[in-house]
Amino acid sequence: MKKPFCDWSCWLMVSLSCVFGALSGTFVTRNSRPNIVLLMADDLGVGDLGSYGNNTVSTPNIDRLAAEGVRLTQHLAAASVGTPSRAAFLTGRYPVRSGMASAFNLNRGLTWLGGSGGLPSNETTFAELLRRQGYRTGLIGKWNQGLSCASRNDHCYHPLNHGFDYFYGLPFGLLSDCRNSETPELHRGLRAQLWVATVVLGLLPLLLLVPKFAGSFAVPWKVILPFGLLALLFFTAWYSSYGFVRRWNCILMRNHEIVQQPLREDRLASLLLKEALSFIDRYKHEPFLLFVSFLHVHTPLITKDKFVGHSKYGRYGDNVEEMDWMVGKIVDALDRERLASRTLVHFTSDNGGSLEARAGGARLGGWNGVHKGGKGMGGWEGGIRVPGIFRWPSVLEAGKVVDEPTSVMDVYPTLSYVGGGVLPLDRVIDGRNLMPLLEGRARHSDHEFLFHYCGVYLHAVRWYQKDCATVWKAHYVTPRFSPEGAGACQARGMCSCVGEVTYHDPPLLFDLSRDPSESHPLHPDNEALFDSVVKKMEVAIREHRGTLSPAPQQLSLFNSIWKPWLQPCCGTFPFCGCVKEDDIVPNA
């Protein structure tokens, strides 16, 4: 007996649903345009999280992301300090390509809000790529990529000129100098540079009068010297009593408006969290990109009272646990709004934990696990290996661990892929799309070589020899620790990229697959293996350098000099200060 047509139709529908159900994991990455939440810590050590082996600090919310998503064990920052690393994160390119790498030891990153350097306008951030695809884009927290070019109000480097629709946070960042009670973070060299620059700028108009009066003896030095001395004394008194760095560098902005100058630190975390949750609530019905750039765990480690004394690791551990609480609130909001299955969440840090951060002899920095070195230490693993966690419940397998080399630069092409964007074709993109690796469709990282810079100087090179699953790393330059044997640069506050360094010829060569702590360099006497690996790396270095084009140096000495006409100011310059918004946060 012939079966009814409805049986065939039912069979056909069931079959098609099975086929498309099986393929849904493939289609969702292209067609769903997920929401994207990026969470970046500031100076967090890779060993500070429970999911990365820490048993003294409690991080249940970040660990939950790892348990429900994919954890990367060889995730690498593009620099061991924040400004260049963040530029690479935003653009998918080595910071040397955009001019966001420094040739000087004093200013490895941006130094003053009144400087003239920043992320160039011709760089296209992932926020700009996704905004073109209809995403609403927001940045909450630290920017640290510059502010103004020619006048204090042009804001040419502002987040809103780099693809973000909304900004609430610190255009610079949080330093110990933002608190009067803290030990100054900006070291003597930078402060001397500021003194010289401001005195010269202050006296310049008076010095320009010299030629005018050179032919007469009625006015010149009798007028110029007293006025110059008066200006110098005024500046000295004002600087020491009014608080230069705190008053002018530490400000809070909403979009283009300064809302606190100087910022009030104690309720800052609650304000930023409130803004992040509000952004999610505003745009929960459309695709959004939210970049939460935490001020944690940078000194001065400002922590809410409820977390003070909470951890077993002192002030630093308390601050880590407060950040974890904030991550939990953000993830809970996604779950509460039923956004989890269509939201890609990524957690990372801009660089490794600081080994030099101290106050009163107590360490205020993080733990970088078994890895040597830390923040600011060139190519040593402790300064560049960072947490890398991706959660997307409908697409990524829970609890998956990826041991392949990956980079923070990979976030750029990955977001372009999942958001339906098109990568720029007029420039080199150094990042690689991570989705095939995260989904398990690829076994190996697309990176064969990764180059580790300290400023503009190439310090180390990594080669992933995929055929034998070996990761080689050659150090051509390493920082010189002080005092000798300390494992850090305590005497200087941060290690140098050039000058007080050690050059290695032949290079120090490590097999990171077997020696992640970089403790046992391969001996050059093992000629066949040593020479073959080093020659392969030298060829890669030449090819890489052939792809570099000259770029204006955004962190040059001139750009780093404080310029009064660029100083953002709420009120009457130079006596800047205001509070335009109440800092009371309900239920904080």
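Residues numbered from 1 in each chain as written. Predicted model: local features only at pLDDT ≥ 70, side-chain atom pairs only at ≥ 80, totals over all residues. Heavy atoms only, no water.

K.L.:
What is the right way to look at the packing of aromatic side chains in this model?
P.N.:
Given two aromatic rings, one states the distance between the centres and the angle between the planes to describe the pair. Taken as a whole, this structure holds 14 aromatic pairs when the rule is applied. Where phenylalanine 307 meets tryptophan 325, the ring centres are 5.6 Å apart and the plane angle is 50°; that geometry is what we call tilted. With phenylalanine 307 in the loop between β7 (288–293) and α10 (314–336) and tryptophan 325 in helix α10, this residue pair connects regions lying 18 residues apart in the sequence. Residue classification places phenylalanine 307 among the buried residues on the basis of a relative accessible area of 7%. (Phe/Tyr/Trp six-rings, centres within 6.5 Å; stacked < 30°, edge-to-face > 60°. Helix = DSSP H or I, 4+ residues; strand = E, 2+ residues; numbered from the N terminus. Buried < 20%, exposed > 50% of the residue type's maximum accessible area, 1.4 Å probe, protein only.)

K.L.:
Would you mind going over the pairing of strand β11 (residues 388–391) with me for this structure?
P.N.:
Both faces of the sheet carry side chains from a regular strand, because those side chains alternate between them. Residues of β11 alternate between two faces, with Gly388 and Phe390 on one and Ile389 and Arg391 on the opposite face, all of them buried. In the sheet, strand β2 (residues 70–76) pairs with β11 via three bridges, with the strands oriented antiparallel. Bridge pairing links arginine 71 to isoleucine 389 in β11. As paired strands, strand β8 (residues 343–349) and β11 are joined by four bridges and run antiparallel to one another. Paired with histidine 346 across the two strands is phenylalanine 390, which belongs to β11. (Pairing = 2+ DSSP bridges.)

K.L.:
I would appreciate a short explanation of the packing of helix α9 (residues 268–282) against α10 in the present structure.
P.N.:
Geometry of a packed helix pair, given as the angle between the helix axes and the separation of the axes. At a minimum axis distance of 10 Å, the contact between α9 and α10 shows a crossing angle of 15°. Considering their axes alone, α9 and α10 lie roughly parallel with respect to each other. Judged by the twist between their axes, the crossing of α9 over α10 is right-handed. On α10, the residues that touch Ala269, Leu273, Ala276, Leu277 and Ile280 of α9 are Glu322, Trp325, Met326, Lys329, Ile330, Ala333 and Leu334. Grouping the constituent residues of the contact of α9 with α10 by class yields ten nonpolar, no polar and two charged. (Axes fitted to C-alpha atoms, helices over the stretch in contact; angles between N-to-C directions. Parallel < 35°, antiparallel > 145°, perpendicular 65-115°, else oblique. Left-handed = near helix turned anticlockwise from the far one by under 90°. Contact = heavy atoms within 4.5 Å. Nonpolar A, V, L, I, M, F, W, Y, C, P; charged D, E, K, R; others polar.)

K.L.:
Before we go on, may I ask you to explain the side chain of threonine 478 in this structure?
P.N.:
Within the element layout of this structure, threonine 478 appears in strand β15 (residues 470–479). At 2.7 Å, the side chain of threonine 478 and the side chain of histidine 504 are in polar contact. Excluding residues that lie within four positions of it along the chain, threonine 478 makes contacts with Trp380, Val501, Thr502, His504 and Leu508. (Polar contact = N/O pair within 3.5 Å; in protein donor to acceptor, adjacent residues only side chain to side chain.)

K.L.:
In this structure, what is going on with the sheet that holds strand β12 (residues 400–407)? I would like to understand it.
P.N.:
Sheet strands associate in pairs through backbone hydrogen bonding, adopting either a parallel or an antiparallel arrangement. Ordered by their spatial adjacency, eleven strands build an open sheet running β12-β2-β11-β8-β1-β7-β3-β4-β5-β6-β19, and the pairing between neighbours is mixed. The two strands at the open ends of the sheet, each matched to only one other strand, are β12 and β19 (578–579). Its contacts with the sheet place α9 against β3 (136–142), β4 (166–170), β5 (252–254), β6 (257–261) and β7, and it is angled at close to 170° to β4. Strands β1 (35–41), β7, β8, β11 and β12 of the sheet are contacted by helix α12 (residues 411–418), whose axis makes an angle of about 165° with β1.

K.L.:
Any chance you could explain unusual backbone geometry here in plain terms?
P.N.:
Excluding glycine, a negative phi dihedral is what most residues carry, and trans is how most peptide bonds are arranged. With an omega of 20°, the peptide bond running from threonine 299 to proline 300 counts as cis. Phi at arginine 338 takes a positive value of approximately 60°, unusual for a residue other than glycine. In this structure, arginine 338 sits in the loop between α10 and β8. Of the residues examined, arginine 338 reaches a relative accessible area of 74% and is grouped as exposed. The backbone of glutamate 518 sits at a positive phi, close to 50°, despite the residue not being glycine.

K.L.:
Mind showing me how you'd approach empty space enclosed by the protein here?
P.N.:
Scanning all chains against the criterion turns up six cavities of 30 Å³ or more. Approximately 130 Å³ is the volume found for the largest cavity. Residue lining of the largest cavity: 16 residues in total, with Leu174, Ala269, Leu295, His296 and Ile302 positioned closest to the centre. Looking at the lining of the largest cavity, the elements that each hand over two or more residues are α9 and α10. By residue class, the composition of the lining of the largest cavity is eight nonpolar, four polar and four charged. (1 Å grid on protein atoms, 1.4 Å probe; cavity = no way out; pocket = protein on both sides within 12 Å on 5 of 7 lines; lining within 4 Å. Points joined across faces, edges and corners; volume = space filled by probe spheres on them.)

K.L.:
Honestly, α12 in this entry has me stumped. Any pointers?
P.N.:
When you tally the buried positions in α12, you get eight out of eight residues, the bulk of the element. Those residues of α12 lying buried are Val411, Tyr412, Pro413, Thr414, Leu415, Ser416, Tyr417 and Val418. Directly after α12, the chain includes glycine 420, whose backbone phi takes a positive value near 80°.

K.L.:
I would appreciate a short explanation of the nonpolar core in the present structure.
P.N.:
Generally speaking, nonpolar side chains in soluble globular proteins are found buried as a group. In this structure, Leu39, Phe126, Phe347 and Met537 are the most contacted members of the largest nonpolar core, which totals 134 residues. Not counting residues up to four positions away in its chain, the partners in contact with methionine 537 are Phe449, Val461, Arg462, Trp463, Trp472, Lys473, Ala474, Tyr476 and Leu509. One finds Met377, Trp380, Tyr464 and Cys495 within the second-largest nonpolar core, a separate group that totals ten residues. (Core = buried A, V, L, I, M, F, W, Y, C linked by side-chain atoms within 4.5 Å.)

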